[in-house]
Amino acid sequence: MILLSANNIKKVYGEKTIFSDLSITVDSSEKIGIIGINGTGKSSLLKILAGHETADQGEVATSNELDIEYLPQNPVFDEKATVLEQVFKGESAFMKVLRAYESTLETMNENPENEELSQRLIKLSAQMDAIGAWQVESEAKAILTKLGITQFNQEVSRLSGGQRKKIALAGALIRPCNLLILDEPTNHLDNDTIDYLEELLKTKKCAVLMVTHDRYFLDRVVNKIVELDQGRLYKYEGNYQAFVELKAQRENMEERIREKNLSSYKNELEWMRKGVEARRTKQKARQDRFYELEETVAKTAKQSMDIALGTSRLGKKIIAMEGLTKYFEKQCVLKAFTYTVLKQDRIGIIGDNGVGKSTLLNLITERIVADEGIIDIGETVKIGYYTQENKDMDLSLRVIDYIKDQAEYIKLADGSSLSASKMLERFLFTPAMQYAVIGKLSGGERRRLYLLNILMQDINVLLLDEPTNDLDIYTLQILESYIDDFDGPVLAVSHDRYFLDRIADKIFVFEGEGKVSHYPGNYSDYYLKKQEQEKVTLKESHNKKLQNEIREVSSEAGVVKIKFTYKEKMEYEKIDEEIEAIESTLKELENEMAENASHFSKLQELMQKKEEIEEQFTYKLQRWEYLNELAEKINTK
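Residues numbered from 1 in each chain as written. Predicted model: local features only at pLDDT ≥ 70, side-chain atom pairs only at ≥ 80, totals over all residues. Heavy atoms only, no water.

J.: How should I be thinking about a negative patch on the surface in this particular structure?
T.: Side chains of D576, E577, E580 and E583 sit close together on the surface and give a patch of like negative charge. Relative accessible area serves as the criterion here: at 54%, E580 is assigned to the exposed category. (Patch = residues over 30% accessible without salt bridge, like charges linked within 9 Å, V, L, I, M, F, W, Y side chains within 5 Å. Areas by Shrake-Rupley, 256 points an atom, 1.4 Å probe, with all protein chains shown as cover. Salt bridge = Lys/Arg side-chain N within 4 Å of Asp/Glu carboxyl O. Lys, Arg positive; Asp, Glu negative; His and termini not counted. Charge placed at Lys NZ, Arg CZ, Asp CG, Glu CD. Buried < 20%, exposed > 50% of the residue type's maximum accessible area, 1.4 Å probe, protein only.)

Encoded structure:
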């Protein structure tokens, strides 16, 4: 069933046309991911489809049964509301009853003897029964708990930014709807929360329309990709992996068409350049054809974002940290941390929000001072630091002047140089955009400009603090390629699993209370290791339980005779063969994973399958230990 249909819509901000003639439909069975370069109007499109903005042209038609829930990038909060009141926001009768029940219950807890409140609570409970609201209330509390929020009556004004994002997300997830619209839902969430959100959206019985730059998230949740590119929409059936393949096919076809048009354009240009006498006899239709070709060639010229920049020479001593300890009030975020940064380090830094990840980068850049320990930085080190907030950006400057403040000409890796204007073009800032003031750029465009400013500096050490929060997929791909060629160490705080798999060869995990653990490999390697450690812990706990359950009972007459049940006897006879078969399957999976080491989506699929098989393997080993111990006791009696 089609829930929503937008036809030929157009949006203009000031003098800038964001997009025009866009058409899209949303079916009740679809989970759609919208992607595109920052500034192309993805958020504006969502706002129009959600009914929060009006298109300047075109129309949006909706089904009579449409019920939308919309989560913007920056939700508005009622500072005086409690967590549950904020979650239960909404004007539907359903939400009003829920809010009234929770509010009355809270007041009742403070005045348990109030008969009027008691009667009101009974009446509201009956209404909750009638509309089936108990499940939603229970689900809301379960989701909030899973997101790490357990104080349901705490005021919103006392919550951190990360906690606010979580309650806004919880509200969008529990309110009844058949179309859920999400704008960058994974921003500022930790990896465990993103994993949980993935599973929730995959099984949620409603259509989903979202903007996100998280490529694993797109791969695992959506069944359709819509790309907004230069004011046009391109639709691809399937997840992110399918999109990459289908887009490559489309671009190859477009390139062939472009080459054909370019060849025709050259022929027509030759004809147009003929003498004045010949010009008088030119056919009007052929002239019009030339101008059309000229416009087509200009529009389809392939844009490049290649930024292979040169780097400063780096000496042997880079950054040595010894015994670093840092407290904020009474909270320890770093304790006795020691590490020596190597030239080719590619370090991904992960952990829950607020545990001190950014603190490490701020200590290295001397923005804050350690309470204990030493940081020794080499004389040749030049650090580029991409922070979460580009506070130093002067919004009154023109784009070109902001970049020229770094350099008029930029040295490339091959020894040649490029003007600031040409570098901006490579980073998708058109000549017209270059002379606009920064304040007129979208938030995502500012972040892209800020990133270019950092990378253009004469640096040889790169620190990145959550670069994936506000950068689009295309800019992230360019950043990843830049890191591949960067001749110096990179330390990146990020929750983006795809980005960490792509660039990291070491993972630092901030576990809380100042503890930092090191893991070799990328994020997926760390995740597998973590799963193995959890299984070992579970196995040890299970073995202890099995020991207590061995069926040897004492009585006044002595020890009761121990023996296998029929089922246990059959299991004991077959278990060795079953374990061997599972080991063989695991070996085949490991070989297949090695063959697909660079195929991230396939690798994730194989990892998930391997985890399932390993769970079976762990269970069989536990049964083997139990049955063999029981057999030994039987044989010794």
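J.: So what exactly am I meant to see when it comes to the sheet that holds strand β6 (residues 179–183) here?
T.: Two orientations exist for strands paired in a sheet by backbone hydrogen bonds: parallel and antiparallel. In spatial order, the strands read β5-β6-β7-β3-β8-β9; together these 6 strands make up an open sheet with mixed pairing. The two strands at the open ends of the sheet, each matched to only one other strand, are β5 (68–71) and β9 (232–237). Shown here is a sheet whose adjacent strand axes are inclined to one another by a mean of 15°, direction ignored. Here strand β8 (residues 224–229) runs beside β9; their pairing, made up of 6 bridges, is antiparallel. (Pairing = 2+ DSSP bridges. Helix = DSSP H or I, 4+ residues; strand = E, 2+ residues; numbered from the N terminus. Axes fitted to C-alpha atoms, helices over the stretch in contact; angles between N-to-C directions.)

J.: Just to check I follow, could you spell out the pattern of salt bridges for this structure?
T.: Once the charged atoms of two side chains with opposite charge are near each other, the side chains can pair. Under the defined criterion, the tally for this structure stands at 32 salt bridges. Between E198 and R220 there is a salt bridge, with its nearest N and O atoms 3.4 Å apart. Within this pair, whereas E198 is found in helix α7 (residues 191–203), its partner R220 is found in helix α8 (residues 215–221), the two being separated by 22 residues in sequence. Under the relative-accessibility criterion, R220 is labelled partly exposed at 23%.

J.: Would you take a moment to explain the packing of aromatic side chains for this structure?
T.: Centre distance and the angle of the planes are the two values used to describe a pair of aromatic rings. Summed over the entire model, instances satisfying the criterion amount to 11 aromatic pairs. Each ring, one from Y519 and one from Y526, has its centre 5.0 Å from the other, and the planes form 70°; the classification is edge-to-face. In this structure, Y519 and Y526 share a single accessibility class: buried. Above the plane of the ring of Y234 lies R250, whose end atom (NZ or CZ) is 3.7 Å from the centre. (Phe/Tyr/Trp six-rings, centres within 6.5 Å; stacked < 30°, edge-to-face > 60°. Lys NZ or Arg CZ within 6 Å of the ring centre and 35° of its normal.)

J.: Would you mind going over α7 with me for this structure?
T.: In an α-helix, one turn spans 3.6 residues, which is why side chains three or four residues apart end up on the same side. Between the first and last C-alpha of α7 there are 19 Å, a value that for 13 residues agrees with the 18 Å anticipated at 1.5 Å per step. Those residues of α7 that fall on the buried side of the exposure criterion are N191, T193, I194, D195, Y196, L197, E198 and L201. Sitting at the amino-terminal end of α7 is D190, which places a side-chain oxygen 3.3 Å from the backbone nitrogen of D192. (Expected span 1.5 Å × (residues − 1). Polar contact = N/O pair within 3.5 Å; in protein donor to acceptor, adjacent residues only side chain to side chain.)

J.: Which parts of the structure should I look at to understand the packing of helix α5 (residues 134–146) against helix α6 (residues 161–174)?
T.: Helix-helix packing is characterised by the crossing angle of the two axes and by the distance between the axes. Remark: α5 packs on α6, axes separated minimally by 10 Å, with the N-to-C direction vectors making an angle of 150°. Judged by the inter-axis angle, α5 sits roughly antiparallel to α6. At the point where α5 passes α6, the crossing takes the right-handed sense. Residues V136, E139, A140, I143 and L144 of α5 lie in contact with α6, whose contacting residues are I167, A170, L173 and I174. When grouped by side-chain class, the residues that make up the contact of α5 with α6 number 8 nonpolar, no polar and 1 charged. (Parallel < 35°, antiparallel > 145°, perpendicular 65-115°, else oblique. Left-handed = near helix turned anticlockwise from the far one by under 90°. Contact = heavy atoms within 4.5 Å. Nonpolar A, V, L, I, M, F, W, Y, C, P; charged D, E, K, R; others polar.)

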